[in-house]
Amino acid sequence: MTDELKLINEIGGTAFVIATIRALESKKSNPLFEDSYADFFSNEVAKKAAFQMQENFPPSTIMISFRTRYFDQLVIKAFERGVRQIVLLGGGFDMRAHRFSHPKVKFFEIDQPAIIDYKSSVLKENGISQSPSVKCNYLKTNIIHELEKIGFDCTKSSLFIWEGNTMYLPPESIIPFLNKLSQEISSLTIAFDFFALELINRSLNSPEENELIQGIESALKVNFQNGFPNLSLFEKQTPLKISNSNSFFSMASEFGQQKAVENYTKDWINFLELYRYCLLKN
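Residues numbered from 1 in each chain as written. Predicted model: local features only at pLDDT ≥ 70, side-chain atom pairs only at ≥ 80, totals over all residues. Heavy atoms only, no water.

**Q** Honestly, helix α8 (residues 174-184) in this entry has me stumped. Any pointers?
**A** Every α-helical turn comprises 3.6 residues, leaving residues that sit three or four positions apart pointing alike. Among the residues making up α8, those that are buried are Ile174, Ile175, Phe177, Leu178, Asn179, Leu181 and Ser182. Turning to α8, the residues buried within the fold contact β1 (85-89), α7 (143-149), β4 (158-162), β5 (188-195), α11 (232-237) and β7 (275-281). (Buried < 20%, exposed > 50% of the residue type's maximum accessible area, 1.4 Å probe, protein only. Helix = DSSP H or I, 4+ residues; strand = E, 2+ residues; numbered from the N terminus. Contact = heavy atoms within 4.5 Å.)

**Q** Teacher, can you tell me more about the sheet that holds strand β2 (residues 106-111) here?
**A** By definition, the strands of a sheet pair up through backbone hydrogen bonds, in either a parallel or an antiparallel sense. Spatially, β3-β2-β1-β4-β5-β7-β6 is the arrangement adopted by the seven strands of the open sheet, whose pairing is mixed. Every interior strand has two partners, whereas the edge strands, β3 (133-135) and β6 (241-247), have only one. Across this sheet, the average inter-strand angle for adjacent strands is 15°, counted without regard to direction. Sheet topology note: the β6/β7 ladder contains six bridges and is antiparallel. Paired with Asn246 across the strands is Tyr277, a residue of β7. (Pairing = 2+ DSSP bridges. Axes fitted to C-alpha atoms, helices over the stretch in contact; angles between N-to-C directions.)

**Q** Just checking my understanding: could you explain the pattern of salt bridges for this structure?
**A** If you walk through the whole model with that rule in mind, you get 14 salt bridges. Here Arg22 ties to Glu163 by a salt bridge, and the two come within 3.2 Å at their closest N and O atoms. Of this pair, Arg22 sits in helix α2 (residues 13-26) while Glu163 is found in the loop between β4 and α8, placing the two residues 141 residues apart along the sequence. Residues Lys47 and Glu44 are paired through a salt bridge, measuring 3.4 Å at the closest nitrogen-oxygen approach. Highlighted residues: Lys47 and Glu44, both in helix α3 (residues 44-56), separated by three residues, approximately one helical turn. By relative accessible area, Lys47 is classed as partly exposed at 23%. (Salt bridge = Lys/Arg side-chain N within 4 Å of Asp/Glu carboxyl O.)

**Q** Would you explain α2 in this entry?
**A** Across its 14 residues, α2 extends 20 Å between first and last C-alpha, which sits within 8% of the 20 Å expected from 1.5 Å per residue. Taking burial as the measure, the 14 residues of α2 include twelve buried ones, the bulk of the element. Looking at α2, one finds that the buried residues are Gly13, Ala15, Phe16, Val17, Ile18, Ala19, Thr20, Ile21, Arg22, Ala23, Glu25 and Ser26. (Expected span 1.5 Å × (residues − 1).)

**Q** Is there a simple way to think about the environment of Arg99 in this case?
**A** Considering the arrangement of structural elements, one finds Arg99 in helix α5 (residues 96-99). Taking relative accessible area as the criterion, Arg99 reaches 19% and is therefore assigned buried. Remark: the alpha-carbon pair of Arg99 and Ser218, spanning 119 residues in sequence, is separated by 30 Å. Sequence-distant contacts of Arg99, that is, excluding residues within four places in its chain, are made with Phe33, Glu34, Asp35, Tyr37 and Asp72.

**Q** Help me understand empty space enclosed by the protein in this model?
**A** A probe matching the size of a water molecule, rolled over the atoms, marks out where space remains unfilled. The full count for this structure, using the stated rule, is two cavities of 30 Å³ or more. Roughly 30 Å³ of internal volume is contained in the second largest cavity. Lining of the second largest cavity is provided by Leu88, Gly91, Gly92, Asp94, Glu109, Ile110, Asp111, Ile116 and Lys119. Those elements that provide at least two residues to the lining of the second largest cavity are β2 and α6 (113-125). (1 Å grid on protein atoms, 1.4 Å probe; cavity = no way out; pocket = protein on both sides within 12 Å on 5 of 7 lines; lining within 4 Å. Points joined across faces, edges and corners; volume = space filled by probe spheres on them.)

**Q** Sorry, what's going on with the pairing of β2 here?
**A** It is a general feature of regular strands that their side chains alternate between the two faces of the sheet. With five of its six residues buried, β2 lies for the most part within the structure. Where β1 meets β2, five bridges bridge the pair, whose relative direction is parallel. Bridging across to β2, Val87 finds its partner in Phe108. Direction of pairing for β2 relative to β3: parallel, over a ladder of three bridges. Bridged to Asp111 within β3 is Lys135. The β-α-β motif built from β2, the intervening α6 and the parallel element β3 has right-handed crossover chirality. (Right-handed = clockwise from strand over helix to strand, strands pointing away.)

What follows is the structure, given as structure tokens:
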């Protein structure tokens, strides 16, 4: 087993592959975003997996880039509306704390110990300090208590970026987790991406769509567990209100990528419409 493969198996392949996709996008002549740190967390095994995703379903990697651009914009807009704390929740090798460093805004990170430890060591090698972090399984930890230990203030306006997580989580864990956050934080915005339930429920998909899903799972070495039938459950079962929601595919024109997607087949477009984002506020 190569050192790179061993590392990915120990830490988790998703973080490396997503970082690699960000690195590849950043090197384009007209990128959707620039992430000069992403190369720190890329390697040949992760590149092979990213290309496998691209081969199995060409739109998959551009949707990751759309997703990154969307969450980047949310961070910038948060600065403009006075948010003073941003939490990167399960962000893997997300470097927004450094890419969007702001003198009036504190960034915090929460992720598994192996992710935070590896990320910290890589940054240290490059003369960069890791952001204040909580190393834990956030579904099994009182993260508000742990965040407060490192300077988080529940009375300040806060944005949680919950990118690339919900589809891997047990469905029954989502609502209790959101309720806990909304009860503790007086001014909370939480942004996340998710799959519509139709994509997760394989029995409703065509054999071709199931093959696409399995190809992406194979490249990432994961199993998608969770999707939402609609978003009304959040307003019914939590104090949070839906501020905004749509598919990432809908952003093609806004991001100047209409030509990149205009030749997608109808089946592809229907499939991509099931990958969405949501912004909740209390």
